[in-house]
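The primary structure of each chain is shown beneath.
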Amino acid sequence: MSDASIALNRFGLGARPGEDTGADPRKWLAGQIAGFDPRPQMIAAQVPSTRVASDLADFYERQRQIRQAEGPRDRQPQQPPAMPARPAGAQPPMAEGGAMQDMQSAAPAMQPGMQPSAKPLYQGEDAAMMARREARRQQQQIYVGMVSARALSAITSPTPFAERLVHFWANHFAVSADKLELVGLAGTMEFEAIRPHVMGRFGDMLNAVERHPAMLLYLDQAVSIGPNSPAGQLAARRQAQRRAGLNENLAREIMELHTLGVRSVYTQADVTEFARAMTGFTVAGLGRGAGARYAGTADGEPGSFVFAPRLHEPGTRTILGRQWAQEGERQAAAVLDHLATHPATAKHIATKLARHFASDDPPAPLVARLEKAFLSSGGDLPTVYRTLIASPECWAPQPAKFKSPWEWSISALRALGTQQVQGNAVNGLLGQLGQPTWKPGSPAGWDDVAGAWAGPDAVMRRVEAAERMAQRARDTIDARQRAAQLFPGTLSTGTAQSIARAESPGQGLALMLVSPEFMRR
């Protein structure tokens, strides 16, 4: 691979027709740090998380009214309808019932109690199911629109290196839109908490992500109550069927995935103490019943972050060998700031960046260089990116990475000169290829190694997709010329001959899209 081809494909998202890195590909990449637009038109046009949360709150209110109308007769125990998606291995939610029901309404995801909605109720025996189906349809429309906006931003962006970094961080701070509560919110986290900070400091991005409703609901922070908090003590005095409980999911994933790294410097005791410090971090406006009013979460714009003192576990915490005596929200905020610049965090982030831009087996010298840049700058991400651009390991001439389905799809659409996309088409393509947007199914996100994507069946799906794309091009693209443009100084003789010998322009284009040069970066 030439330097120009590496800049376009390994650092960028694949070349567009006529795209030129200029005489200095490294300078072209560095210029994107300042030139990145965090809110291009297609992103700015999407609904914000507050609007999505308002729609969810309406759904919760309809569910509450349906339950009231049905009465207690023959009601089977069920998971509270507002329970967020639960990652594998999570503890089951607290059951509804008795005095506990009031306390659960203090946490929005547990027991909503919204003001009456003007929207009509669904009548009939399956009213609750019909309401859920309508809510999912509504949220799915939002989701598809956001997938389309994300894809169009990546396809048309003049700063593809910066867009790749957005996708990297969205996968680092992964949420999964598999359940109703996250369908519409997953994309808003990328747009609101990641894009604005991708060219800033890691600590600012970390704090924005951990306060976003998508993360708070996905990892159950919104239902975490300190056992010795006023809310926890009230529940205990009422002898609830199950005591209001501490939920460690978010605290664990912050340490294990977002900052320090798995099996690094923290212990289970640190996770528990951090979870105690984080009690009170929750979401406003999703419940307005007595419990939510008691907790202080009823007021505020739906979906906005709120700290609820009555849910917070009091006392000094001991985390990573340090004492944290701050009160209220400042306690967890101080721990987050400490984690953001911890040496273990620097190593974890450096290793993931090296894996993404250099090799499935991250080169140790590159990791050390990125780690040093992270620590010396206090987590300033542009400093880390410039170190990445300047590192020779990232410019090795042999293709080092097998593209994920997302990367391949975006690079194919860029190569074809696509200017518009249909949301359902992009969503269907990525589902067929095995990487539906914002649905990794785990807080760990999608794997970033060839073994996850290079199987025979996965490759055959790309071949089929390439053939459909080529058919839609309707013989308007000369694959011989286009391949030379996309891979300057890189196109192999074998690939060039295969394209030239194709029986039709469409077949030549399909061959280009599944060539070794196109599959790897």
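Residues numbered from 1 in each chain as written. Predicted model: local features only at pLDDT ≥ 70, side-chain atom pairs only at ≥ 80, totals over all residues. Heavy atoms only, no water.

*Asks:* What is the right way to read the overall build of the protein chain from this model?
*Replies:* Looking only at helices and strands, the protein chain features 26 helices and 4 strands. Burial statistics for the protein chain: of 521 residues in total, 58% are counted as buried. About 20800 Å² of surface is accessible on the protein chain, with carbon and sulfur atoms providing 50% of the total. (Helix = DSSP H or I, 4+ residues; strand = E, 2+ residues; numbered from the N terminus. Buried < 20%, exposed > 50% of the residue type's maximum accessible area, 1.4 Å probe, protein only. Areas by Shrake-Rupley, 256 points an atom, 1.4 Å probe, with all protein chains shown as cover.)

*Asks:* Please explain helix α7 (residues 160-172) as it appears in this structure.
*Replies:* Given 3.6 residues to a turn, an α-helix orients residues that are three or four positions apart in the same direction. Taking 1.5 Å of rise per residue, the 13 residues of α7 would be expected to cover 18 Å, and the 18 Å separating its terminal C-alpha atoms lies within 8% of that figure. Buried residues of α7: P160, F161, A162, E163, R164, L165, V166, H167, F168, W169, A170 and H172, and no others. (Expected span 1.5 Å × (residues − 1).)

*Asks:* When you look at the pattern of salt bridges in this model, what are you seeing that I'm missing?
*Replies:* Side chains bearing opposite charge may pair, as long as their charged atoms lie close to each other. The final tally for this structure, using the stated rule, is 17 salt bridges. Here E134 and R137 are joined by a salt bridge, their closest N and O atoms 2.6 Å apart. One end of the pair is E134 and the other is R137, both in helix α6 (residues 127-156) and 3 residues apart, which spans about a single turn. Its relative accessible area of 24% is what places E134 among the partly exposed residues. Across the pair D360 and K401 runs a salt bridge whose closest N-O atoms are separated by 2.7 Å. One end of the pair, D360, is in the loop between α17 (343-357) and α18 (364-376); the other, K401, is in the loop between α19 (381-390) and α20 (405-415), with 41 residues separating them in the sequence. According to the relative accessible area criterion, K401 is buried, its value standing at 2%. Overlapping salt bridges bring together R164, E407 and R521 as one network. (Salt bridge = Lys/Arg side-chain N within 4 Å of Asp/Glu carboxyl O.)

*Asks:* Help me understand the confidence of the model for the protein chain, please; the structure alone is not making it clear to me.
*Replies:* Do not read the predicted coordinates in detail wherever pLDDT is low. Within the protein chain, residue pLDDT values average 88, and 88% of them lie at 70 or more. Counting interchain partners and residues more than four positions distant, the pLDDT-below-50 stretch residues 75-119 has 129 contacts. (pLDDT = per-residue confidence, 0-100. Contact = heavy atoms within 4.5 Å.)

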